[in-house]
Amino acid sequence: MNDLFTVTFVCLGNICRSPMAEAVFSRIIEECGVAPSFKVNSFGTSDCEEDNPVYPPVQKVLKERGYSFAHRARKITLSDVKNADYILVMDGMNLTDLTRMTGGNYSDKIFLLGHFLPEKIDIDDPWYTRDFVRTYDEIYRACNAFLDFLFKEHAQAFGYDQRH
């Protein structure tokens with residue numbers, strides 16, 4: 001693995017959970033001083049929202065927490081999967097969609113984001129639950145837990161960043 005980790009967040013349409021996770025994780029790594037070690041992006045498994053902006057209730061939750069984030073929905077491609085070091089999906093359906101798309105390959109880099117939490121949850125789609133704040137809270141906790149995992153798994157890669 002390179003010194004630069006490509007972390008890709010994936011949900012269904014790429015207008016709610018995955019762009020929220022992209023924004024949250026980007027801020028966390030910036031605040032920790034390790035952002036130069038990462039490339040962070042997000043995609044959907046469907047093209048149903050292609051080129052649409054982040055869903056307004058998600059924008060509202062992010063804005064209330066001080067995020068400034070511009071994004072347009074994109075569908076993930078096999079090339080995106082190949083080029084990522086870690087792909088973090090939001091729920092079991094996203095996992096199934098990616099497994100189908102990749103023919104079961106690349107499973108060593110595809111993880112459920114919520115499984116980095118002690119309670120091993122799926123991150124429910126707020127499009128349906130309408131609980132955008134809960135989704136933010138789950139994503140925030142899971143992104144922190146994922147970064148802790150990376151610090152443990154790749155301690156040598158972060159040695160430089162943690163000293164400066």
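Further up the page is the structure itself.
Residues numbered from 1 in each chain as written. Predicted model: local features only at pLDDT ≥ 70, side-chain atom pairs only at ≥ 80, totals over all residues. Heavy atoms only, no water.

## Digging into the nonpolar core
One broad rule of soluble globular proteins: the nonpolar side chains tend to lie buried together. Grouped together as the largest cluster of nonpolar side chains are 43 residues, with contacts concentrated most on Phe-9, Phe-25, Phe-38, Leu-113, Cys-143 and Phe-146. Elements with a contribution of two residues or more to this core: strand 1 (5-11), helix 1 (17-32), strand 2 (38-44), helix 2 (56-64), strand 3 (86-89) and helix 6 (132-153). Sorting elements by how many residues they give to this core places helix 6 first, with ten residues. Residues Val-10, Ala-84, Leu-98 and Ile-110 belong to the second largest nonpolar core, which totals ten residues. (Core = buried A, V, L, I, M, F, W, Y, C linked by side-chain atoms within 4.5 Å. Buried < 20%, exposed > 50% of the residue type's maximum accessible area, 1.4 Å probe, protein only. Helix = DSSP H or I, 4+ residues; strand = E, 2+ residues; numbered from the N terminus.)

## Remarks on a nonpolar patch on the surface
A surface patch of nonpolar side chains, amounting to about 320 Å² of accessible area, comprises Leu-12, Trp-127 and Tyr-128. With respect to the helices and strands, Leu-12 occurs in the loop between strand 1 and helix 1. With relative accessibility at 31%, the residue Leu-12 sits in the partly exposed group. (Patch = residues over 30% accessible without salt bridge, like charges linked within 9 Å, V, L, I, M, F, W, Y side chains within 5 Å. Areas by Shrake-Rupley, 256 points an atom, 1.4 Å probe, with all protein chains shown as cover. Salt bridge = Lys/Arg side-chain N within 4 Å of Asp/Glu carboxyl O.)

## Quick look at helix 4 (residues 92-102)
Those residues of helix 4 not exposed but buried are Asn-94, Leu-98 and Thr-102. With its buried residues spanning 60 degrees around the axis, helix 4 presents them on a single face. Of the residues flanking the start of helix 4, the one acting as N-cap is Asp-91, its side-chain oxygen 3.0 Å from the backbone nitrogen of Met-93. Downstream of helix 4 by one or two residues, Gly-103 has phi in the positive range, about 65 degrees. (Arc of directions from axis to C-beta. Polar contact = N/O pair within 3.5 Å; in protein donor to acceptor, adjacent residues only side chain to side chain.)

## Overview of the sheet that holds strand 4 (residues 110-112)
Strand order in the open sheet made by the four strands is 2-1-3-4, with parallel pairing throughout. Looking at strand neighbours, the two that pair on one side only are strand 2 and strand 4, the edges of this open sheet. Between one strand axis and the next, the sheet turns by 25 degrees as a mean value, whatever way the strands run. In this structure, strand 3 lies alongside strand 4, joined through three bridges in parallel fashion. Paired with Val-89 across the two strands is Leu-112, which belongs to strand 4. Against the sheet, helix 1 engages strand 1 and strand 2, with an angle of about 170 degrees to strand 2. In this fold helix 6 packs onto strand 1, strand 2 and strand 3, with an angle of close to 155 degrees to the strand it touches most, strand 3. (Pairing = 2+ DSSP bridges. Axes fitted to C-alpha atoms, helices over the stretch in contact; angles between N-to-C directions. Contact = heavy atoms within 4.5 Å.)

## Points about the pairing of strand 3
With burial as the criterion, each face of strand 3 is covered, one bearing Tyr-86 and Leu-88 and the other bearing Ile-87 and Val-89. As judged from the four bridges shared by strand 1 and strand 3, these two strands associate in the parallel manner. When the bridges of strand 3 are listed, Phe-9 appears paired with Leu-88. Chirality of the crossover, the property in question, places the unit of strand 3, helix 4 and strand 4 among those that are right-handed. (Right-handed = clockwise from strand over helix to strand, strands pointing away.)

## Quick notes on helix 1
Over its 16 residues, helix 1 runs 22 Å from end to end, which matches the ideal 22 Å to within 8%, given 1.5 Å per residue. Along helix 1, the residues that are buried comprise Arg-17, Ser-18, Pro-19, Met-20, Ala-21, Glu-22, Ala-23, Val-24, Phe-25, Ile-28 and Ile-29. The inward-facing, buried residues of helix 1 contact strand 1, strand 2, helix 2, helix 4, helix 5 (126-129) and helix 6. Backbone geometry just downstream of helix 1 places Gly-33 in the positive-phi region, at approximately 80 degrees. (Expected span 1.5 Å × (residues − 1).)

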